[in-house]
Amino acid sequence: MATQIFMALGMNQTLGMASTGEGLQVLSPRHLRYHETWISRGNGMHFLVTGGAGYIGSHTVRALLQQGHSTTVLDDFSTGHRWATQGQAVIEVDLKDLGALRTALAGTTFDGVFHFAAKSLVAESNREPQLYYQNNVDGTAHLLTVALENGWNRCVLSSTAAVYGNPITDTLGEAHPKNPISVYGQTKLAMEHLLERTCADHPFSAVCLRYFNAAGAASDASLGEAHDPETHLIPTALKAAAGTGKPLTIFGDDYPTADGTCIRDYIHVEDLANAHLHAMNYLADHQGFIACNLGNGVGFSVKAVLAACEQAVGATIDYSIGARRKGDPATLVADATRAKDVLDWQPTHTTIEAIVASAWVWERTWEIHEDRRG
Ligand code: UFG
């Protein structure tokens, strides 16, 4: 279908340029305008979304539905939620089980695959490396095996800033050395390498999106972050404020930063979801593999985030200072220039106050819905 739409737009597919993970391809503004229209026209395309019942996956499903597309959600529901699938077709299968995956997907066609399904907790990954390699790396190998068997040819991969490890520059561009300091980061880097190799060896193209710190909730509070256990800073602080979670501990205040706490680049989940649509757009007329960072390009310390949470809540939030958490770099801030230039993407929720405010609305409302409990 992509090719048909492409031809209908009168574009020359040979304009699509082979790209590498580190190479930057500059497109003309005219090209980007055409580029923008492929997915935003609501051509009723159908996408596979692995991990579509999870946090960022479900927001991407929502963004696709808003553009007039439909999805099949593939999830093992180990951490995802049925209420997050938004009435879409569901395939419940574990990516570790190649046989079951083959059976479930034999003969299927999709306009593209969004691959979110993965274990994603730094501390857990360091405790359970086998689980992370099996789930993330083997799972991706199985998905790509089935993709090639069924003739699918494009994928947008959920990756992470954790592939970089400790920064050696103030902001991280895609060419920054990759020395992950957690098993989670190692497995995501292995997934990227596998995908890049698949693109080199087969008629297959991919964009890999390296998220910085995903945060916030859907603007209408229909979706949001619902992890169990919750480990991320913003929901942990908000749950502490609401009395629905554990007390907040700040993991270390002796980092080499202005207030001693870690600095992160928080990016709203709707901006992340939107970036996936732009990435799939890009694949309509580009072959090869490219990696792009997704962040706002501004860092906030844990204490600054806590202040934003207190502002949203309208009350102080108690906390204690604990030991550093293993695998936490002091600072992680994105240089997302490539995503803006190549994917024609722009974040729209650019203040930490707006990001936290959306998370607070979600925290206060999501459990009152019957179908979201349990
Ligand atoms: N933090 C606390 N207390 C908490 C939770 C977090 O002080 O209860 C701190 C962390 O130490 C860190 C910051 O808040 O400095 C943000 O922590 P999160 O757990 O919210 O997010 P991470 O930075 O650990 O993780 C994110 C993504 C991962 C990715 C990682 C890259 O969720 O997928 O960035 O480092 F791997």
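Attention here is on the structure that accompanies the text. As the structure is a prediction and not an experimental result, all values here were calculated from the model. Throughout this description, residue numbers start from 1 for each chain and increase along the sequence as written. Two thresholds apply to this predicted model, a pLDDT of at least 70 for residue-level local features and 80 or more for giving and counting side-chain atom pairs, whereas whole-chain, interface and lining totals are computed over all residues.

1. Concerning the site of the ligand
- Any residue whose C-beta atom, as placed from the backbone, lies within 6 Å of a molecule or strand is termed near it. The ligand sits among 21 residues. The nearest are A162, H232, L233, F251 and C262.
- When contributions to the shell around the ligand are tallied by element, the ones reaching two or more residues are α8 (233-242) and β8 (248-251).
- Looking at the shell around the ligand, the element that brings in the most residues is β8, giving four residues.
- Only Asp, Glu, Lys and Arg are considered charged in this grouping, and only Ala, Val, Leu, Ile, Met, Phe, Trp, Tyr, Cys and Pro are considered nonpolar; every other residue, Gly among them, is considered polar. Each residue belonging to the shell around the ligand can be placed in one class, and the counts come to 11 nonpolar, seven polar and three charged. Think of it this way: any DSSP run of H or I at least four residues long counts as a helix, any run of E at least two long counts as a strand, and we number them from the N terminus.

2. Quick word on the sheet that holds strand β14 (residues 331-332)
- When DSSP locates at least two bridges between a pair of strands, those strands are taken to pair. Read from one edge to the other, the open sheet built from three strands follows the order β12-β9-β14, with strand pairing classed as mixed. This sheet does not close on itself; its edge strands, each paired only once, are β12 (300-301) and β14.
- Where strand β9 (residues 263-264) lies against β12, two bridges are found, and the strand directions are antiparallel. Bridge assignment links I263 to a residue of β12, and that residue is S301.

3. Regarding helix α3 (residues 55-66)
- Given a helix with a known number of residues, its expected span is that number minus one, times 1.5 Å. With 12 residues, α3 should reach 16 Å at 1.5 Å per residue; the first-to-last C-alpha distance of 17 Å fits that figure.
- Among the 12 residues of α3, 10 are classified as buried, and the element is accordingly described as predominantly covered.
- Looking at α3, one finds that the buried residues are Y55, I56, G57, S58, H59, T60, V61, R62, A63 and L64.
- Its buried side turned inward, α3 meets β1 (46-50), β2 (70-75), β4 (112-115), β5 (154-160), β7 (213-215) and α9 (269-283).
- Immediately beyond the C-terminal end of α3, within one or two residues, lies G68, with a positive phi of roughly 90°. Here a residue counts as buried when 20 or more other C-beta atoms fall within 10 Å of its C-beta, as exposed when 12 or fewer do, and as partly exposed in between; the C-beta atoms come from the backbone. Each residue is represented by a C-beta atom placed from its backbone, and any two residues with such atoms within 7 Å are regarded as in contact.

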